[in-house]
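# Structure at a glance
Chain by chain, the residues run as shown.
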Amino acid sequence: MPRVAYKDSALTVWRGKDCLRLIDGLTTNHVLDLEKGQVRQTVFTTTAAKIIDFVTVFHMGDFLAVHSHASKLSKLLDHVIPRILGQDVSITDVSSKNVYCIEYGVVNEIVGTFSASNGLTRGDIGSELSILIAALGFEFEEMRSEEEFSQWRVENTIPWNGYEISSVHHPLAAGLAAFVHPAKGCYIGQEILARMVSRGRQGKKLMRVETMSTEPGSITTHGEAYSLAILRTTQ
Amino acid sequence: MDCGTCETSGPVQLMTPEVVDVNLSISNKAQEMLADAFGDDRSMALLVGVLSGGCSGYMYDLQIVEDTDQSCQEVTIDGFRVLVPNASSHLLDGIEIDYVDRLMGGGFRINNPNAESSCGCGESFS
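Calculation notes
- Residue indices follow the written sequence of each chain, beginning from 1 at its first position.
- Each chain gets a letter, beginning with A, and each ligand a number, beginning with 1, in the order they are written.
- Under the rules for a predicted model, residues below a pLDDT of 70 receive no local features and side-chain atom pairs below 80 are neither given nor counted, while totals for whole chains, interfaces and linings still include all residues.
- Just so you know, side-chain values use all the structure's heavy atoms and leave hydrogens and water out.
- Note: pLDDT gives the predictor's confidence per residue, expressed from 0 to 100.
- Under the DSSP-based scheme used, a helix requires at least four consecutive residues in state H or I and a strand at least two consecutive residues in state E, with every element numbered from the N terminus.
- When a residue's accessible area, from a 1.4 Å probe over protein chains only, is under 20% of the maximum for its type it is buried; when over 50% it is exposed; and in between it is partly exposed.
- By definition, a salt bridge exists where a carboxyl oxygen of Asp or Glu is found within 4 Å of a side-chain nitrogen of Lys or Arg.
- Only Phe, Tyr and Trp rings take part, Trp by its six-membered ring, and two of them pair if their centres are within 6.5 Å. Stacked means planes under 30 degrees apart, edge-to-face means over 60, and tilted covers everything else.
- In this scheme, the term charge over a ring applies when either NZ of a lysine or CZ of an arginine sits within 6 Å of the ring centre and within 35 degrees of the ring normal.
- Any two residues whose heavy atoms approach within 4.5 Å at even a single point are treated as in contact.
- The term buried area means the drop in 1.4 Å probe accessible area that two parts suffer when joined, counted for both and summed.
- Polar contacts here mean pairs of N or O atoms no more than 3.5 Å apart (in protein, one a potential hydrogen donor and the other a potential acceptor; neighbouring residues in sequence count only if both atoms are side-chain atoms).

So, about the confidence of the model for chain A. Per-residue pLDDT for chain A has a mean of 92; in total, 99% of the residues score no lower than 70. Mean pLDDT across the secondary structure elements of chain A bottoms out at helix α4 (residues 190-199) of chain A, with 85, and peaks at strand β4 (residues 51-59) of chain A, with 98.

Before going further, it helps to examine the confidence of the model for chain B. Residues and elements named next belong to chain B. In the predicted model, chain B carries a mean pLDDT of 82, and 83% of its residues have values of at least 70. Averaged pLDDT values for the elements of chain B fall to 72 in strand β8 (residues 124-125) and rise to 92 in strand β1 (residues 25-26). In the predicted assembly, ipTM is 0.71 and pTM is 0.87.

Attention now moves to unusual backbone geometry. With phi around 50°, Asn118 of chain A is a residue other than glycine that occupies positive phi space. Here Asn118 of chain A shows up in the loop between β8 (114-117) and β9 (120-126). On the basis of relative accessibility, which here comes to 76%, the residue Asn118 of chain A falls in the exposed class. Not every positive phi belongs to a glycine, and Asp78 of chain B is a case in point at roughly 50°. Mapping Asp78 of chain B onto the fold places it in the loop between β4 (72-77) and β5 (80-85).

We now examine the pattern of salt bridges. One pass over the structure, following the stated rule, counts 13 salt bridges over all chains. Salt-bridge contacts for Glu103 of chain A lead to Arg122 of chain A; the nearest nitrogen and oxygen are separated by 2.5 Å. With Glu103 of chain A in strand β7 (residues 98-104) and Arg122 of chain A in strand β9, the pair connects residues that are 19 residues apart, well separated along the chain. The exposure class of Glu103 of chain A is buried, given its relative accessible area of 2%. As a salt-bridge pair, Asp101 of chain B and Lys29 of chain B come within 3.7 Å of each other at their nearest N and O atoms. With a gap of 72 residues between them, Asp101 of chain B in the loop between β6 (96-100) and β7 (107-111) and Lys29 of chain B in helix α1 (residues 28-38) connect regions that are remote in the sequence. Beyond isolated ion pairs, a larger network of salt bridges with shared partners links Arg3, Glu103, Arg122 and Asp124 of chain A.

Tallied over the entire structure, the rule returns ten aromatic pairs over all chains. For the pair Phe149 of chain A and Trp152 of chain A, a centre-to-centre distance of 6.0 Å together with 15° between the ring planes defines the contact as stacked. Residue Phe149 of chain A and its partner Trp152 of chain A are both found in helix α3 (residues 146-156); the two are separated by three residues, about one turn of the helix. We classify Phe149 of chain A as buried; its relative accessible area is 5%. Against the face of Phe63 of chain A rests Arg15 of chain A, its NZ or CZ located 4.6 Å from the ring centre. Of note, Arg83 of chain A hangs over the ring of Tyr58 of chain B, and the distance from its end group to the ring centre comes to 5.1 Å.

Listed as interface residues are 39 residues of chain A and, on the opposing side, 28 residues of chain B. For the pair chain A and chain B, the two sides together bury roughly 2400 Å², of which 66% comes from carbon and sulfur. For chain A, the biggest contributors to the area lost against chain B are Ile81, Leu85 and Lys97 of chain A; these three give 25% of the whole. Taken together, chain A and chain B are joined by zero salt bridges. Summed over the shared surface of chain A and chain B, the result is three residue pairs in polar contact (both at pLDDT 80 or more). Elements represented by at least two residues in the side of chain A that touches chain B include exactly β2 (9-15), α1 (19-26), β6 (90-93), β9, β10 (129-135) and α4 of chain A. With four residues, α1 of chain A is the single largest residue contributor to the side of chain A that touches chain B.

It is worth spelling out the environment of Arg81 of chain B at this point. All names here are of chain B. Position of Arg81 relative to the elements: it lies in strand β5. Along the backbone, Arg81 and Arg42 are 39 residues apart, and their C-alpha atoms lie at a distance of 7.4 Å. A distance of 2.3 Å separates a polar side-chain atom of Arg81 from the backbone oxygen of Ser43.

Spelled out as structure tokens, the structure:
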């Protein structure tokens, strides 16, 4: 069970009956039907459909726990808070109370659920990817280096925060198309993404490329033989 | 996961927008349509609110209501009661409520001087 520290993590607790509706109205994936025990990933986007942050929403029953990124939390909250208006939503930042890591390369039979035991919460967010969150002081085992994790990401074309997932790209270019719901209705940036999909033109696309034959400036994650790059498509 | 449920995690500071005394107007065409909708019963009110979401970030929310549990300010224009939630008053000051008589895309429309842009359907603005 290889694991790697998820250093750039933030965790906020969202309470109130309007939380899911608020997140659904501001992000690319459908989350309104999320139920207790489920976890789902979605993207907050600007009106220009650029990524603000890629977040993981845990439905804890009485509240939502939203994993996001420490480097983007301020921007995310600046985006969300003015839009709460009169809705029943309150947000608490509990980032510093927890530690975070990613478990990768292990087959998850079921994706989209989480389990919690002995202070450790494990959200299965992909077929070979889980996010682990535990209270401060917890020691994760079998930790690997970021380089090893990057190599695995390159082999499996997995985009990551700070590499492919950045504010200069839209979710389709960054390899997050699976988290852009095709029919959920309006959200910020939806018109632009819907137009790209309907016209089959998304401009750029995440690709696994040969390192030596790719211009270094377009590589987002460097690997030895292969790398990840976001390149303009021929369409 | 430590969700801060047993301890005293401070909530994120929510910026509460300043409540603005809203000035708004209703076009003649919109007044005609409201008169049709209300009939002689002027105890009902037009609630003009803003929800988050939509393609541009905010969506207008028009409802005919008897009352609301939202904290609102009430404006009366030519006998029509208009309720504006205080929470969204800063986004609605100076609006004109208009009615567009068109087979497609017609209906009530908000002309909002605070909106930097709006989406194609006119329901959403930023």
